[in-house]
Amino acid sequence: MQIKVDRVAKTRIQDVDFSNIPFGREFADHMFVADYVDGKWGGFSIQPYGKMMYTPAMLGLHYGQTIFEGMKAYRNANGEVMMFRPMDNFKRLNVSAERMCMPTIPVDLMMEALRELLKIDVAWVPTSTDSSLYIRPFMFATDEFLGVKPSDKYRCVMFTGPVGPYYTTPLKVMVEDTYTRAAKGGTGSAKSGGNYGGALYPTKLAQQKGYHQLLWTDSIEHKYIEESGTMNVMFQIGDSLVTPPTGDTILKGITRDSVLTLAADLGIDVQERRISIDELKSAYDKGQLLDAFGVGTAATIAPIELIGYKGQDLVLPPVAQRKMSQLIAKELTAIRYGEVEDKFGWMVSMN
Ligand SMILES: *Cc1c(COP(=O)(O)O)cnc(C)c1O
């Protein structure tokens, strides 16, 4: 692959306060761009992060052919920049692409592009251990046409930016029993833009009641737990770690997979099975619901402080008492920052 490189005249890095990085507002100097035309990817370039020009009739703006990924790179104890399971993200981008009738893009091509991009913007990878470089690859339809059809042309862009913690306090979540994020046969297992747009209104209603996020339930009975916000969700019931199985309504999270792998490796009883609200309530009443937390790239492991259901709040034990999730979180952090052996081969060097 030939990548045309056009560098910025002057970096913007000195404008960033690396001791206090918000999530998702700072963007590194460059972005990678590829265009899909006549059935193939080409026009590869790394160029200054900035505006892109399109006409009002661009298909992707109207009918939702947009998909994305989110992953992170870390600067480890030796100062090396390591990406966390990047191939899994690029594979999942292609799973989303298939579902949304968009072209796949080779994983190797994206890996090469990411390495080039990281080399150029390596100074943007933060050094502190609660920060990282967030990487956002995405793809959208670019045909200029108003009929509803799969686009013939697409653009794939990848840009990065330093990020600090996504949530800074434990979450209050509300069980959603009216609205639905994803239905069987729908697009819930794809990271496609529309899933998130549709979730904003019910989330806003919960936020007006004082909650941060929703705990989504199944679309048929609103009885079984699915996800929380844009994270997979896990519970500690007694000594077991329980999480709903992925499928076409639950996104196959890479953090989820990593946490389950680590938990099993630590000898924890891991159960992937359906969990009803009734089960959660009865575990809570018996004092067996010891922990609940969201897992995702952006939020990593986000403790849930309370779960609101039909006007009642299930208040979980203080975060400091949650030994199991803290042990897993500590292990995951140690792997990411190269402090312990990476025995699952998750870290990939940028070089
Ligand atoms: C991205 C995402 C997740 C988390 O996936 P990771 O691979 O762990 O980042 C969970 N649920 C939804 C709906 C998501 O979009």
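Before any of the text, the structure's been laid out above.
**Quick look at the pattern of salt bridges**
In the structure shown here, the tally under the stated rule is 18 salt bridges. With a shortest N-O distance of 3.7 Å, lysine 184 and aspartate 248 are connected by a salt bridge. Of this pair, lysine 184 sits in the loop between β9 (171-175) and α4 (193-208) while aspartate 248 sits in the loop between β13 (240-243) and α5 (254-265); the two residues are 64 residues apart in sequence, bridging distant segments of the chain. Residue class for lysine 184 comes out exposed when judged on its relative accessible area of 65%. Residue aspartate 248 is classed as partly exposed on the basis of its relative accessible area, which comes to 28%. Among the salt bridges present, the one from arginine 322 reaches aspartate 291, with a minimum N-O distance of 2.9 Å. Separated by 31 residues along the polypeptide, arginine 322 in the loop between β17 (312-315) and α7 (323-336) and aspartate 291 in strand β15 (residues 289-296) bring together distant segments of the chain. Linked through salt bridges whose partners overlap, the residues forming this network are Asp143, Lys149, Asp152 and Lys153.

**With respect to the pairing of strand β11 (residues 225-228)**
Note that strand β10 (residues 213-217) and β11 share 2 bridges and pair antiparallel. Note that in β11 the partner of threonine 217 across the bridge is isoleucine 225. Pairing of β11 with strand β12 (residues 231-237), which is carried by 2 bridges, proceeds in the antiparallel orientation. Bridge assignment links serine 228 to a residue of β12, and that residue is methionine 231. The turn joining β11 and β12, which pair antiparallel and follow one another in sequence, is formed by 2 residues; a positive phi near 55 degrees is taken by glycine 229.

**Brief notes about the side chain of serine 240**
When you line up the elements, serine 240 lands in strand β13. Overall, the relative accessible area of 13% leaves serine 240 in the buried class. Here the side chain of serine 240 touches aspartate 269 through a polar contact of 2.6 Å, side chain to side chain. Ignoring sequence-local partners within four residues, the contact set of serine 240 consists of Phe235, Asp269, Gln271 and Met324.

**Some points on the site of the ligand**
Neighbouring the ligand are 14 residues, the closest being Lys191, Tyr196, Glu227, Thr255 and Thr297. Between the ligand and arginine 92, the relevant distance is 2.8 Å, taken from an oxygen atom to a side-chain nitrogen or oxygen of the residue. Lysine 191 places a polar side-chain atom, nitrogen or oxygen, 2.8 Å from an oxygen atom of the ligand. When isolated, the ligand has an accessible area of 380 Å², and the protein chains bury 96% of it.

**So, the pairing of β9**
The element β9 is largely enclosed, with a buried count of 4 among its 5 residues. Judged from the 4 bridges that link them, β9 and strand β16 (residues 300-309) form a sheet pairing that is parallel. Each residue of the ladder has a partner; that of lysine 172, found in β16, is leucine 306. Looking at chain direction, β9 and β10 are connected through 3 bridges and run parallel.

**Quick look at α5**
In this model, α5 (12 residues) spans 16 Å end to end at C-alpha, consistent with the 16 Å of a helix rising 1.5 Å per residue. Along α5, the residues classified as buried are Ile254, Thr255, Arg256, Ser258, Val259, Leu260, Leu262 and Ala263. Two residues or fewer after α5 comes glycine 267, characterised by a positive phi angle close to 85 degrees.

Definitions and limits used
- Residues numbered from 1 in each chain as written.
- Predicted model: local features only at pLDDT ≥ 70, side-chain atom pairs only at ≥ 80, totals over all residues.
- Heavy atoms only, no water.
- Salt bridge = Lys/Arg side-chain N within 4 Å of Asp/Glu carboxyl O.
- Helix = DSSP H or I, 4+ residues; strand = E, 2+ residues; numbered from the N terminus.
- Buried < 20%, exposed > 50% of the residue type's maximum accessible area, 1.4 Å probe, protein only.
- Pairing = 2+ DSSP bridges.
- Polar contact = N/O pair within 3.5 Å; in protein donor to acceptor, adjacent residues only side chain to side chain.
- Contact = heavy atoms within 4.5 Å.
- Near = heavy atom within 4 Å.
- Areas by Shrake-Rupley, 256 points an atom, 1.4 Å probe, with all protein chains shown as cover.
- Expected span 1.5 Å × (residues − 1).

Geometric descriptors of this kind do not, in isolation, establish any biological role.
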